[in-house]
Amino acid sequence: MSSDMGKDNQDNIIEKLDAVVSGEDYIKYLESKIRLLEMEREKLLMKVNYYKSELEKLISPPLIEGVIEYVLGDGRAVVKSTTGPNLVVAIADNIDKNLIKPGVRVALNQRGSAIVEVLPSYMDTYVQLMEVIEKPSVKYEDIGGLSEQIRELREVVELPLKNPELFEEIGIEPPKGVLLYGPPGCGKTMLAKAVAAESNATFIAIVGSELVQKFIGEGARIVRELFELARKKAPSIVFIDELDAIAAKRIDIGTSGEREVQRTLMQLLAEIDGFRPLDKVKIIAATNRIDILDPAILRPGRLDRIIEVPLPDFNGRIEIFRIHTRRMKLAENIDFQELARMTNGFTGAEIKAVVTEAGYNAIRDNRRQVTMNDFLKAIEKVRSKKKLRRVEEYAENKEDKEAPLIFQ
Ligand SMILES: Nc1ncnc2c1ncn2[C@@H]1O[C@H](COP(=O)(O)OP(=O)(O)OP(=O)(O)O)[C@@H](O)[C@H]1O
């Protein structure tokens, strides 16, 4: 109602203006008015087209998804449709023929007689789920207190990736995969990244819990795509964090969610079984819960090398303090042994948090050097924040015999 009144007013003003202006000015004025109206018309036409296409989308029946098996020479292709049979189909004119290749995902019209759209590959859809690093920047010397674990990983992952001929000559098969286990924040991911970096391998990571929670019903397919990507990017290391989310033993597989997780695990086992020990793809899996893993995943020929990544011991904590303070301006009175004694039961991630917090303490006091007192305050703060019950339970079982427990 009010907008109509506004329009009436506008028309009145225009009429009055029409009466006032005359001659050449009047012609110019009319021309600009025509241009304005033409622009308005264009806008309305665009709106009509938009609503038409939206309407078409709403009333058109769904398309059929398929994957091109092979391309025929006569402008047609054989497509495996998701509804069942292989179909010989035409390719619509508006499709870029360069995109039509075996393995490409396409949409067929409702009759299943022609390719009408090229769809993005699953890889594109799943990229958000995978972390792919061509060359990770972590080095072995960035990892504190895990020299034995590094030695073992170099032997079973790095060496076969770099010198497979050595293994062929001697006639032994390296493991296809390794399982790292231990409490969170103690360097499992760092180890996997460092091995990838030092082996010149692509690092491809996926988190088990995300795999089953974010892409319900697609787990098995993603696992297949993951290994396809790993083969394409070889040499590569597939890192599966929180393996227990997909590979926990199940007493009964009642619900559909559990069946789905089971299917994902089956696919993972099939992928591991599918490549050879000297193929340039290695798996490193990590878990905090080795106790609940399905033994099937640990069978010979699968993840049969098991490496513990425990809480850092006294010397390990000293090393981790030294690594994370490498680029820090420290006061002379810093006693690393004392810091290590005071952080019994801390994870590597918590020691890193202590170092960062100590740095903040110096900044807050407007100092350029970090003092022992900054570290002591930081230890207290991080200790009071220790919320991870899992870690504390683990620490109780793994008593550190080298250093006295000061804070209990
Ligand atoms: N041994 C270590 N040496 C140096 N830094 C460490 C060490 N362990 C942990 N850190 C620090 O803690 C961070 C987290 O460690 P990381 O992600 O490797 O732990 P994780 O064992 O994989 O944990 P999660 O099980 O939670 O994935 C690292 O980025 C690093 O800064």
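What you are looking at is a predicted structure, and each value in this text was computed from that prediction instead of being measured. (Residues numbered from 1 in each chain as written. Predicted model: local features only at pLDDT ≥ 70, side-chain atom pairs only at ≥ 80, totals over all residues. Heavy atoms only, no water.)

Considerations on the pattern of salt bridges
Two side chains carrying opposite charge are able to pair once their charged atoms lie near each other. Stated formally: Every case where a carboxyl oxygen of Asp or Glu lies within 4 Å of a side-chain nitrogen of Lys or Arg is listed as a salt bridge. Each helix is a run of DSSP H or I of at least 4 residues and each strand a run of E of at least 2, with the numbering of both proceeding from the N terminus. Residue exposure (1.4 Å probe, protein chains only): buried if accessible area is under 20% of the type maximum, exposed if over 50%, otherwise partly exposed.
Enumeration according to the criterion identifies 19 salt bridges in this entry. Its salt-bridge partner being Asp142, residue Arg326 comes within 2.8 Å of it at the nearest N-O pair. Taken together, the residues span a long stretch of sequence, with Arg326 in the loop between α11 (314-324) and α12 (336-342) and Asp142 in the loop between β6 (131-133) and α4 (147-162) at a distance of 184 residues. Note on Arg326: relative accessible area 49%, which makes it partly exposed.

Comments concerning a nonpolar patch on the surface
The line we're drawing: The patch calculation keeps residues exceeding 30% relative accessible area without a salt bridge and links them within 9 Å when they carry like charges or within 5 Å when they are nonpolar (Val, Leu, Ile, Met, Phe, Trp, Tyr). Using the Shrake-Rupley algorithm and a 1.4 Å probe, accessible areas are obtained, with residue cover drawn only from the displayed protein chains.
A cluster of nonpolar residues, Leu159, Leu166, Ile170 and Ile172, forms a patch on the protein surface that exposes about 370 Å² of accessible area. By secondary structure assignment, the location of Leu159 is in helix α4. For Leu159, a relative accessible area of 33% corresponds to the partly exposed category.

So, the confidence of the model for the protein
For the record, the criterion: Looking at any residue, its pLDDT shows the predictor's confidence there, from 0 to 100. In this analysis, two residues are considered to be in contact whenever any of their non-hydrogen atoms come within 4.5 Å of each other.
Looking at the protein, the pLDDT average stands at 84 and 84% of residues meet or exceed 70. Confidence over residues 399-408 falls short of pLDDT 50; this stretch has 19 contacts with residues more than four positions distant or in other chains.

Describing the side chain of Asn361
This is how the line gets drawn: Pairing of N or O atoms within 3.5 Å defines a polar contact, subject to two protein rules: one partner must be a possible hydrogen donor and the other a possible acceptor, and residues neighboring in sequence count only if both atoms are side-chain atoms.
One can find Asn361 in helix α13 (residues 348-364). Looking at Asn361, its side chain comes within polar contact range of the side chain of Arg364, at 2.8 Å. Apart from residues lying up to four places away in sequence, Asn361 is in contact with Arg367, Asp374, Lys377 and Ala378.

What about the sheet that holds strand β1 (residues 64-71)?
Let me state the cut-off plainly: Here, any two strands with at least 2 DSSP bridges between them count as paired. Note on method: axes are straight lines fitted to C-alpha atoms, helices fitted across the in-contact stretch only, with angles between N-to-C directions ranging 0 to 180 degrees.
Spatial strand order, β1-β2-β3-β5-β4: five strands in a closed barrel with mixed pairing. Strand-to-strand, the axes of this sheet are offset by a mean angle of 55°, without reference to chain direction. The pairing of β1 with strand β2 (residues 76-81) spans five bridges and is antiparallel. If you follow Gly66 over to β2, its bridge partner there is Ser81.

With respect to the sheet that holds strand β9 (residues 236-241)
Ordered by their spatial adjacency, six strands build an open sheet running β6-β8-β9-β10-β7-β11, and the pairing between neighbours is mixed. The sheet is open, and its two edges are formed by β6 and β11 (305-308), each paired on a single side. Taking the axes of each pair of neighbouring strands and ignoring which way they run, one obtains an average angle of 20° across the sheet. Here six bridges tie strand β8 (residues 202-207) to β9, and the two strands are oriented parallel to one another. Across the sheet, Phe203 pairs through a bridge with Ile237, a residue of β9.

So, the site of the ligand
Note the threshold: Proximity is defined per residue: any heavy atom of the residue falling within 4 Å of a molecule or strand makes that residue near it. For this scheme, ten residues count as nonpolar: Ala, Val, Leu, Ile, Met, Phe, Trp, Tyr, Cys and Pro. Four count as charged, namely Asp, Glu, Lys and Arg, and the remainder, Gly too, count as polar. Those domain boundaries reflect an automatic or database domain assignment.
Inspection of the region around the ligand gives 18 residues, with Gly144, Gly185, Lys188, Thr189 and His324 positioned closest. A distance of 2.9 Å is found between an oxygen atom of the ligand and a backbone nitrogen or oxygen belonging to Lys188. Interatomic distance of 3.1 Å between a side-chain N/O atom of Asp241 and an oxygen atom of the ligand. For the ligand, the protein covers 79% of the area, taking 630 Å² as the surface of the free molecule. Its residues assigned to classes, the shell around the ligand shows seven nonpolar, seven polar and four charged. The residues that make up the shell around the ligand include at least three from each of domain 3 (128-308) and domain 4 (314-397).

So, the side chain of Lys282
Heads up, the condition is: His is not counted here, nor are the chain ends, while Lys and Arg score as positive and Asp and Glu score as negative.
Topologically, Lys282 is positioned in strand β10 (residues 281-287). Buried charge Lys282 goes without a salt bridge, the closest partner of opposite sign being Asp279 at 8.6 Å. Here Pro175 takes part through its backbone oxygen, which lies 3.1 Å from a polar atom of the side chain of Lys282.

Overview of the nonpolar core
Defined as follows: Nonpolar core, defined: a set of buried Ala, Val, Leu, Ile, Met, Phe, Trp, Tyr and Cys residues in which side-chain atoms within 4.5 Å join the residues together.
Counting 31 residues, the largest nonpolar core has Ile206, Phe227, Ile240, Leu243, Leu268, Ile297 and Leu303 as its most contacted members. Counting only elements with at least two residues in this core, the list comes to β8, α7 (208-214), α8 (219-232), β9, α9 (244-247), α10 (256-274) and β10. Looking at this core element by element, the count peaks at six residues for α8. Apart from the residues within four sequence positions on either side, Phe227 is in contact with Val238, Leu268, Glu271, Phe275 and Ile283. Counting 27 residues, the second largest nonpolar core, distinct from the first, contains Val138, Ile143, Leu161 and Ala196.

So, the packing of α4 against helix α6 (residues 188-198)
Just so we agree on the cut-off: Roughly parallel means an angle under 35 degrees; roughly antiparallel means over 145; roughly perpendicular covers 65 to 115; every other angle is labelled oblique. Should the near helix be turned anticlockwise from the far one by less than a right angle, the crossing is termed left-handed; should it be turned clockwise, right-handed.
Packing of α4 against α6 leaves a shortest axis separation of 10 Å and a crossing angle of 40°. Relative to α6, the element α4 is oriented oblique. Relative to α6, the crossing made by α4 is right-handed. Residues Gln149, Ile150, Leu153, Val157, Glu158 and Lys162 of α4 touch α6, and the partners they reach there are Leu191, Val195 and Glu198.

Side note on the UniProt feature "binding site: ATP" (unreviewed entry) in the protein
Condition: UniProt positions are given in the numbering used here, feature names are shortened, and annotations may be inferred rather than shown by experiment.
Per the UniProt record, "binding site: ATP" (unreviewed entry) is annotated on Gly185, Cys186, Gly187, Lys188, Thr189, Met190 and His324. Tracing the backbone shows Gly185 in the loop between β7 (177-181) and α6. Of the residues examined, Gly185 reaches a relative accessible area of 34% and is grouped as partly exposed. With residues near it in sequence (within four places) discarded, Gly185 still touches Thr347, Gly348 and Ala349. Relative to the assigned elements, Cys186 resides in the loop between β7 and α6. Cys186 gets classed as buried once you look at its relative accessible area, which sits at 8%. Sequence-distant contacts of Cys186, defined by excluding residues within four places in its chain, comprise Leu146, Val309, Pro310, Leu311, Pro312, Thr347 and Gly348.

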